[in-house]
Amino acid sequence: MAAPMLRYIFRSQWLGTQGLSGVLSLGLREAHSAAQGLLAVQKARGLFKEFFPERGTKTELPELFDRGTGGKFPQTIYCGFDPTADSLHVGHLLALLGLFHFQRAGHNVIALVGGATARLGDPSGRTKEREALDAERVQSNARALSQGLKALATNHQQLFANGRTWGSFTVLDNSAWYQKQDLVDFLAAVGGHFRMGTLLSRLSVQTRLRSPEGMSLAEFLYQVLQAYDFYYLFQHYGCRVQLGGSDQLGNIMSGYEFIHKLTGEDVFGISVPLITSTTGAKLGKSAGNAVWLNRDKTSPFELYQFFLRQQDDLVERYLKLFTFLPLPEIDHIMQLHVTEPEKRGPQKRLAAEVTKLVHGQEGLASAKRCTQALYHSSIDALEVMSDQELKELFKEASFSELVLDPGTSVLDTCRKANAIPDGPRGYRMITEGGVSINHKQVTNPESVLVVGQHILKNGLSLLKIGKRNFYIIKWLQL
């Protein structure tokens, strides 16, 4: 019986009105004449890095997607996401983009939340064991990740439709089948199909065994559970392809070997590249450099700025990896960049496309407002910003709510907000030009606040002391 939890499927409205026969006759033909084209295009974009197995199987990977040679269409592809935190981050985006590209071509995709496997900890690409998480924390994280995946799938469906019939997008949690398993029964049924020599030969295992900390049994068994996940999805959902980061190839191999032993059927793995920082560190929670996809952890403005700041030598690659823009359009964007590099056109397009996918159209608008307010001193942008946006933009700023008394001066405001010291020193900070309100320098401490100048239409004042110290004031009873 298929796992009942967290099933979340998107289909186009056209599918509901035209039926399956319409999909097969029109939508899939338009999507790709042969999905070898899909694999080749994503390989050319740099999104699909390695294919496993490459040769020697009864059915070659491209044949799975090629209706003309007897392959079954559509296919089902999955990728796993362990809830070691309560949010996805930029490091997860490429795997999600891979799923979305398959979905756009008419295939069914599964995002698998590792509500069970997260408690073991994946050793792949790690030099030491993950911090253990209790069951309640993992469950909470799993719920948050599932919601995040659904939100991204919704944005993708609503904002990036290409006019073709798409496959389904399903979110599952592997705790749905592991919580029904008895430990001894599971080991008896599954354990005999894995050879210790093969498991020990995996690069991730070898690396950890040679490390000072060694490797725990829980971590060692992680690849067995990931292999079983692949088998379960193969049996219940017809899933024959697993997508994962390039550090997941060993786990994917274990799944292939397990399924092939039990069923004689061939399954496949596709890896996507890992995104690293300028120092070469993998982007993520463990490395301490995660750019989160949850607004509570990384605002739309911060996500937008992360991609806007990408260097020229990376931006073309990132446009191919992180957007759905056709390759000819990317080439055109880069040609314009050669003639007008100061406009940073590729970076702006990259930042806009990713922010829209993650946070929707309103999130992109918010990021642009914040950019205008902070870097272009736009009063118009400040006036339409919400309290939430101001707090996101000026994270370190003090936020005060004050009553506007008649005759309130610049000096009164600065002192009530605890922005300047008492006495002559604070007075001089204003007279010497060290204070601005709403991006306008004020030098007369006795000036009375004027609505529309010192106080914006939204009842806010942005007070800046020196170059970097911001204070947000929300005026009450205006």
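Residues numbered from 1 in each chain as written. Predicted model: local features only at pLDDT ≥ 70, side-chain atom pairs only at ≥ 80, totals over all residues. Heavy atoms only, no water.

Basically, it comes down to this: UniProt positions are given in the numbering used here, feature names are shortened, and annotations may be inferred rather than shown by experiment.
The name given to the protein chain in an unreviewed UniProt entry is Tyrosine--tRNA ligase, with the source organism recorded as Odocoileus virginianus. Under the UniProt heading Catalytic activity (unreviewed entry), the note attached to the protein chain is "tRNA(Tyr) + L-tyrosine + ATP = L-tyrosyl-tRNA(Tyr) + AMP + diphosphate + H(+)". Recorded in UniProt for the protein chain, the comment headed Sequence similarities (unreviewed entry) runs: "Belongs to the class-I aminoacyl-tRNA synthetase family."

## A few points about the pattern of salt bridges
Our working definition: One side-chain nitrogen of Lys or Arg within 4 Å of one carboxyl oxygen of Asp or Glu is enough to make a salt bridge. Strands here mean DSSP runs of E at least two residues long; helices mean DSSP runs of H or I at least four residues long; both are numbered from the N terminus. Partly exposed describes any residue whose relative accessible area lies between the buried limit of under 20% and the exposed limit of over 50%, with all areas from a 1.4 Å probe on protein chains only and scaled to the type maximum.
With the rule as written, the count across this model stands at 12 salt bridges. The residue Arg369 makes a salt bridge to Glu362 at a minimum N-O spacing of 2.7 Å. In this structure, Lys474 and Asp387 form a salt bridge, with 3.5 Å as the shortest nitrogen-oxygen distance. Separated by 87 residues along the polypeptide, Lys474 in strand E11 (residues 469–476) and Asp387 in helix H18 (residues 387–393) bring together distant segments of the chain. Residue Lys474 is classed as partly exposed on the basis of its relative accessible area, which comes to 21%. Overall, the relative accessible area of 27% leaves Asp387 in the partly exposed class. Salt bridges sharing partners connect three or more residues here, namely Glu329, Arg349 and Glu353.

## Some words on the sheet that holds E11
The condition that has to hold: Strand pairing is defined by DSSP finding a minimum of two bridges between the two strands.
Taken together, the 5 strands give an open sheet; going across it, the order is E7-E11-E10-E8-E9, and neighbouring strands pair in mixed fashion. Bordering the open sheet on either side are strand E7 (398–403) and strand E9 (440–441), each of which pairs with just one other strand.

## Here's the deal with the sheet that holds strand E2 (residues 76–81)
The condition that has to hold: In this analysis, axes come from line fits to C-alpha atoms, helices being fitted only over the stretch in contact, and the angle between any two N-to-C directions falls in the range 0 to 180 degrees. Note on definitions: a residue-residue contact is assigned when non-hydrogen atoms from the two residues lie within 4.5 Å.
Taking strand neighbours across the sheet as the criterion, the 6 strands line up as E1-E6-E5-E2-E3-E4 in an open arrangement whose pairing is mixed. Looking at the sheet topology across the chains shown, the edges are occupied by strand E1 (50–52) and strand E4 (169–173). This sheet shows a mean twist of 25° between the axes of neighbouring strands, independent of strand direction. The pairing of strand E5 (residues 239–245) with strand E6 (residues 268–272) spans 5 bridges and is classified as parallel. Looking at the pairing, Gly245 lines up with Val272 of E6. Lying on the sheet, helix H4 (residues 90–104) is in contact with E2, strand E3 (108–113), E4, E5 and E6; it crosses E2 at an angle near 165°.

## Thoughts on helix H16 (residues 345–375)
Note the cut-off: Each helix should span, by expectation, one fewer than its residue count multiplied by 1.5 Å. Fitting one axis to the seven residues ending at a residue and another to the seven starting there, the bend at that residue is the angle between the two axes.
Over its 31 residues, H16 runs only 17 Å from end to end, short of the ideal 45 Å by more than 12%, given 1.5 Å per residue. His359 marks where H16 bends most, by close to 125°. Two residues or fewer after H16 comes Ser377, characterised by a positive phi angle close to 50°.

## Section: the side chain of Asp266
Our working rule: Think of a polar contact as two N or O atoms within 3.5 Å of one another; within protein, one of them needs to be a possible hydrogen donor and the other a possible acceptor, and neighboring residues in sequence only count if both atoms come from side chains.
Counting through the fold element by element, Asp266 comes out in the loop between helix H12 (249–263) and E6. For Asp266, a relative accessible area of 3% puts it in the buried group. A distance of 3.3 Å separates polar atoms of two side chains, one belonging to Asp266 and the other to Tyr256. Within the structure, the side chain of Asp266 is placed 3.3 Å from the side chain of His260, a separation counted as a polar contact. Non-local contacts of Asp266, meaning those with residues more than four positions away in its chain, are made with Thr57, Lys58, Thr59, Arg240, Tyr256 and His260.

## Some remarks on the pairing of strand E10 (residues 460–465)
Extensive coverage of E10 is indicated by the burial of 5 of its 6 residues. The turn linking E10 back onto E11 is made up of 3 residues, and Gly466 within it adopts a positive phi angle of 70°.

## Details of the environment of Leu374
Following the sequence through the fold, Leu374 ends up in helix H16. The class of Leu374 is partly exposed, set by a relative accessible area of 23%. Setting aside chain neighbours within four positions, we find Leu374 in contact with Phe301, Leu393, Phe394 and Phe470.

## Describing the packing of aromatic side chains
Defined as follows: The criterion for an aromatic pair is that two Phe, Tyr or Trp rings (for Trp, the six-membered ring) have centres within 6.5 Å, with stacked assigned to planes under 30 degrees apart, edge-to-face to planes over 60 apart and tilted to the rest. Look at NZ for Lys and CZ for Arg. If either is within 6 Å of the ring centre and within 35 degrees of the ring normal, a charge sits over the ring.
Taken as a whole, this structure holds 19 aromatic pairs when the rule is applied. Ring centres 5.0 Å apart and planes at 90° place the aromatic pair Phe306 and Phe307 in the edge-to-face group. When the ring centre of Trp292 is taken as reference, the NZ or CZ atom of Lys297 above it lies at 4.6 Å. Note that Lys391 overlies the ring of Phe399, its terminal NZ or CZ placed 4.5 Å from the centroid.

## Details of the confidence of the model for the protein chain
Note the cut-off: The quantity called pLDDT is the predictor's confidence in a given residue, expressed from 0 to 100.
With 87% of its residues at a pLDDT of 70 or more, the protein chain shows a mean pLDDT of 85. Within the model, pLDDT remains below 50 along residues 1–36, and this stretch shows 75 contacts once partners closer than five positions in the same chain are excluded.

## Some details on the packing of helix H5 (residues 135–159) against H16
Just so we agree on the cut-off: An angle below 35 degrees is treated as roughly parallel, one above 145 as roughly antiparallel, one from 65 to 115 as roughly perpendicular, and anything else as oblique. In this classification, Asp, Glu, Lys and Arg are treated as charged, Ala, Val, Leu, Ile, Met, Phe, Trp, Tyr, Cys and Pro as nonpolar, and every other residue, Gly included, as polar.
Interaxial distance between H5 and H16 falls to 8 Å at its minimum, and their mutual angle equals 75°. In terms of axis orientation, H5 runs roughly perpendicular to H16. Here Leu152, Asn155, His156 and Leu159 of H5 lie close against H16, whose contacting residues are Lys356, Leu357, Val358, His359, Gly360 and Gln361. Taken together, the residues of the contact of H5 with H16 sort by class into 4 nonpolar, 5 polar and 1 charged.

## Observations regarding the environment of Thr76
Here Thr76 is to be found in strand E2. For the pair formed by Thr76 and Gly106, sequence separation is 30 residues and the distance between their alpha carbons is 9.9 Å. In contact with Thr76, other than residues within four places in its own chain, are Asn108, Ile110, Tyr237, Gly238, Cys239, Arg240 and Val241. Polar contacts involving the side chain of Thr76 include one to the main-chain carbonyl oxygen of Tyr237, which spans 3.5 Å.

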